[in-house]
Amino acid sequence: MTEELDLTTLSVEELYEVMGDDLYDGYKEEVVEGVKEALSRNVAPYDVLTSGLVAGMEIVGNDFRDGVLFVPEVLMAANAMKAGMAVLRPLLAETGAPSVGKMVIGTVKGDIHDIGKNLVAMMMEGAGFDVINLGINQSAENFIAAVKEHQPTFVGMSALLTTTMPYMKVIIDALKEEGLRDQVTVLVGGAPLNEAFAEAIEADAYCRDAAVAVETAKKFAAIRRQRAAAS
Ligand code: B1M
């Protein structure tokens with residue numbers, strides 16, 4: 001669709017619009033081209049991500065909900081989004097900042113959505129956290145094994161389905177049973193969650209998006225440092 005279009009002639013807003021259309025149509029190469037064009041104009045990578053890719057994916061989500069798009073189309077859009085994210089990844093992640101903490105993160109059992117979780121992982125890396133990304137469909141046993149192995153300060157959990165979000169509580173209970181709960185700060189996120197849910201399952205915080213996840217983790221890391229200095 002964008003083949004005849006000269007991207008260099010478009011304003012950044014028009015570019016985002018085209019990027020959104022290409023994402024909607026699952027045009028991977030075109031999305032990558034759009035991302036590169038925006039970056040060549042010194043637009044901040046985070047802006048390209050939020051105003052270009054995430055905004056485009058929101059439209060896909062709405063049409064999926066309304067029965068306009070189906071799984072195969074959404075999968076193509078997701079793949080196009082991932083291709084765009086791959087271009088942004090090194091720019092978002094490589095800040096050379098010293099490690100400020102370690103996070104084990106995964107999408108919980110029964111759930112295969114990983115775009116948001118990967119975005120959080122990317123942004124956390126960019127903020128100087130070490131991130132162990134477990135992937136999708138992760139059981140409580142896998143989370144426990146990873147916490148034992150990597151001794152993280154943070155556990156991040158993602159769920160995009162109302163049917164999988166309760167599994168976060170299973171993982172938190174497993175952390176308690178294993179005597180690991182007090183060692184880690186548990187941050188949860190995903191479109192169907194909210195603060196009340198996070199509180200109900202006894203997570204430490206709900207993170208609305210990747211930027212909030214980074215800010216929240218930084219806040220908890222600072223508290224930990226203060227406590228360590230005081231003791
Ligand atoms: Co799915 N899906 N999907 N899907 N899918 C949703 C979630 C849905 C809301 C669509 C809709 O109806 N509008 C709906 C859930 C409804 C509900 O539960 N009430 C839904 C459904 C129903 C399903 C299936 C059941 C469809 C079917 O098979 N009939 C199926 C389930 C499969 C499974 O998991 N078992 C399914 C499958 C799929 C695809 C495979 C096709 C694909 C996933 C591809 C992939 O991830 N690799 C897909 C997609 C792409 C979506 C939508 C359209 C987009 C999700 C996304 O990537 N958003 C989604 C609609 C929507 O959410 N609007 C939908 C972009 C991403 C950047 O945002 O993931 O919200 P998000 O992440 C944000 C924040 O939430 C937060 O930060 C992120 C970045 O800012 N965050 C965290 C997320 N995780 C965090 C963890 C943290 C912190 C913050 O830890 C610290």
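Small disclaimer: the values here were computed from a predicted structure and weren't measured.

Here is what the cut-offs are and how they apply
Residues numbered from 1 in each chain as written. Predicted model: local features only at pLDDT ≥ 70, side-chain atom pairs only at ≥ 80, totals over all residues. Heavy atoms only, no water. Salt bridge = Lys/Arg side-chain N within 4 Å of Asp/Glu carboxyl O. Helix = DSSP H or I, 4+ residues; strand = E, 2+ residues; numbered from the N terminus. Buried < 20%, exposed > 50% of the residue type's maximum accessible area, 1.4 Å probe, protein only. Patch = residues over 30% accessible without salt bridge, like charges linked within 9 Å, V, L, I, M, F, W, Y side chains within 5 Å. Areas by Shrake-Rupley, 256 points an atom, 1.4 Å probe, with all protein chains shown as cover. Near = heavy atom within 4 Å. Polar contact = N/O pair within 3.5 Å; in protein donor to acceptor, adjacent residues only side chain to side chain. Nonpolar A, V, L, I, M, F, W, Y, C, P; charged D, E, K, R; others polar. Expected span 1.5 Å × (residues − 1). Core = buried A, V, L, I, M, F, W, Y, C linked by side-chain atoms within 4.5 Å. Contact = heavy atoms within 4.5 Å. Pairing = 2+ DSSP bridges. Axes fitted to C-alpha atoms, helices over the stretch in contact; angles between N-to-C directions. Phe/Tyr/Trp six-rings, centres within 6.5 Å; stacked < 30°, edge-to-face > 60°. Parallel < 35°, antiparallel > 145°, perpendicular 65-115°, else oblique. Left-handed = near helix turned anticlockwise from the far one by under 90°.

**Student:** Can you walk me through the pattern of salt bridges in this structure?
**Tutor:** In a structure, side chains of opposite charge can pair up when their charged atoms sit close to one another. One pass over the structure, following the stated rule, counts 10 salt bridges. Between Asp173 and Lys169 there is a salt bridge, with the nearest N and O atoms lying 2.9 Å from each other. Taken together, the residues Asp173 and Lys169, both in helix 7 (residues 167-177) and 4 residues apart, mark about one turn of the helix. Asp173 gets classed as partly exposed once you look at its relative accessible area, which sits at 25%. Between Lys176 and Glu202 there is a salt bridge, and its shortest N-O distance comes to 3.3 Å. Separated by 26 residues along the polypeptide, Lys176 in helix 7 and Glu202 in the loop between helix 8 (195-200) and strand 5 (205-206) bring together distant segments of the chain. One network of salt bridges, with partners in common, ties together Lys169, Asp173, Lys176 and Glu202.

**Student:** I tried to follow a nonpolar patch on the surface on my own but got confused; where do I start?
**Tutor:** On the surface, Phe64, Val71 and Leu75 cluster together into a nonpolar patch covering about 280 Å² of accessible area. Residue placement: Phe64 occurs in helix 3 (residues 45-65).

**Student:** Looking at this structure, I do not really get unusual backbone geometry. What am I missing?
**Tutor:** If a residue is not glycine, its phi is most likely negative; likewise, a peptide bond is most likely trans. Here Asn137, not a glycine, exhibits a phi torsion of approximately 55°, which is positive. Relative to the helices and strands, Asn137 is located in strand 2 (residues 129-138). Non-glycine residue Glu202 carries a positive phi angle of around 65°. We classify Glu202 as partly exposed; its relative accessible area is 42%.

**Student:** Where do I start with the site of the ligand in this structure?
**Tutor:** Residues in contact with the ligand amount to 33 residues; listed here are only the nearest, Ile112, His113, Asp114, Ser158 and Thr162. Within the side chain of His113, a nitrogen or oxygen atom sits 2.8 Å from a nitrogen atom of the ligand. In the environment of the ligand, a nitrogen atom lies 3.5 Å from a nitrogen or oxygen atom belonging to the backbone of Gly190. At the level of elements, helix 3, helix 4 (71-93), helix 5 (115-126), strand 3 (154-158) and strand 4 (185-189) are the ones that each hand at least two residues to the shell around the ligand. The class makeup of the residues in the shell around the ligand is 18 nonpolar, 9 polar and 6 charged.

**Student:** Sorry, what's going on with helix 2 (residues 28-40) here?
**Tutor:** The periodicity of an α-helix, 3.6 residues per turn, causes residues three or four places apart in sequence to face the same way. Its 13 residues place the ends of helix 2 18 Å apart at the C-alpha level, agreeing with the 18 Å of an ideal helix rising 1.5 Å per residue. Those residues of helix 2 that sit buried are Glu30, Val31, Val32, Gly34, Val35, Glu37, Ala38 and Leu39.

**Student:** Which parts of the structure should I look at to understand the nonpolar core?
**Tutor:** Side chains that are nonpolar tend, in soluble globular proteins, to be buried together. Of all hydrophobic cores here, the largest spans 51 residues; its most connected members are Val35, Val48 and Leu53. Elements that contribute at least two residues to this core include exactly helix 1 (12-24), helix 2, helix 3, helix 4, strand 1 (101-108), helix 5, strand 2 and helix 9 (210-230). Excluding residues within four positions of it along the chain, Leu53 makes contact with Met19, Leu23, Val31, Val35, Val48, Met81, Gly84, Met85 and Leu88. Counting 28 residues, the second largest nonpolar core, distinct from the first, contains Ile132, Ala146, Tyr167 and Met168.

**Student:** I keep staring at the sheet that holds strand 5 and nothing clicks. Help me out?
**Tutor:** One key point about sheets: their strands pair by backbone hydrogen bonds, in either a parallel or an antiparallel sense. Taking strand neighbours across the sheet as the criterion, the 5 strands line up as 2-1-3-4-5 in an open arrangement whose pairing is parallel. A single partner strand is all that each edge strand has here, and the edge strands are strand 2 and strand 5. Pairing between strand 1 and strand 3: 5 bridges, direction parallel. Paired with Val104 across the strands is Val155, a residue of strand 3. Across the face of the sheet, helix 9 comes into contact with strand 2, strand 3, strand 4 and strand 5 while running at roughly 170° to strand 4.

**Student:** Could you clarify how one ought to interpret the packing of aromatic side chains in this entry?
**Tutor:** Each pair of aromatic rings is reported with the distance of its centres and the angle of its planes. What the rule picks out here adds up to 1 aromatic pair. Relative to Phe154, the ring of Phe129 lies with its centre 5.7 Å away and its plane at 80°, an arrangement referred to as edge-to-face. You can see Phe129 sitting in strand 2 and its partner Phe154 sitting in strand 3, a full 25 residues away along the chain.

**Student:** Before we go on, may I ask you to explain the packing of helix 6 (residues 140-150) against helix 7 in this structure?
**Tutor:** Any two packed helices are characterised by how steeply their axes cross, that is the angle between the axes, and by the distance between the axes. Relative orientation of the contacting elements helix 6 and helix 7 amounts to 45°, with a least axis distance of 9 Å. Considered as vectors, helix 6 and helix 7 are oriented oblique to each other. You can see that helix 6 and helix 7 cross each other, and the crossing is right-handed. In this structure, helix 6 contributes Ala140, Glu141, Phe143, Ile144 and Val147 to the contact, and helix 7 contributes Tyr167, Val170, Ile171, Ala174 and Leu175. Its residues placed into classes, the contact of helix 6 with helix 7 shows 9 nonpolar, no polar and 1 charged.

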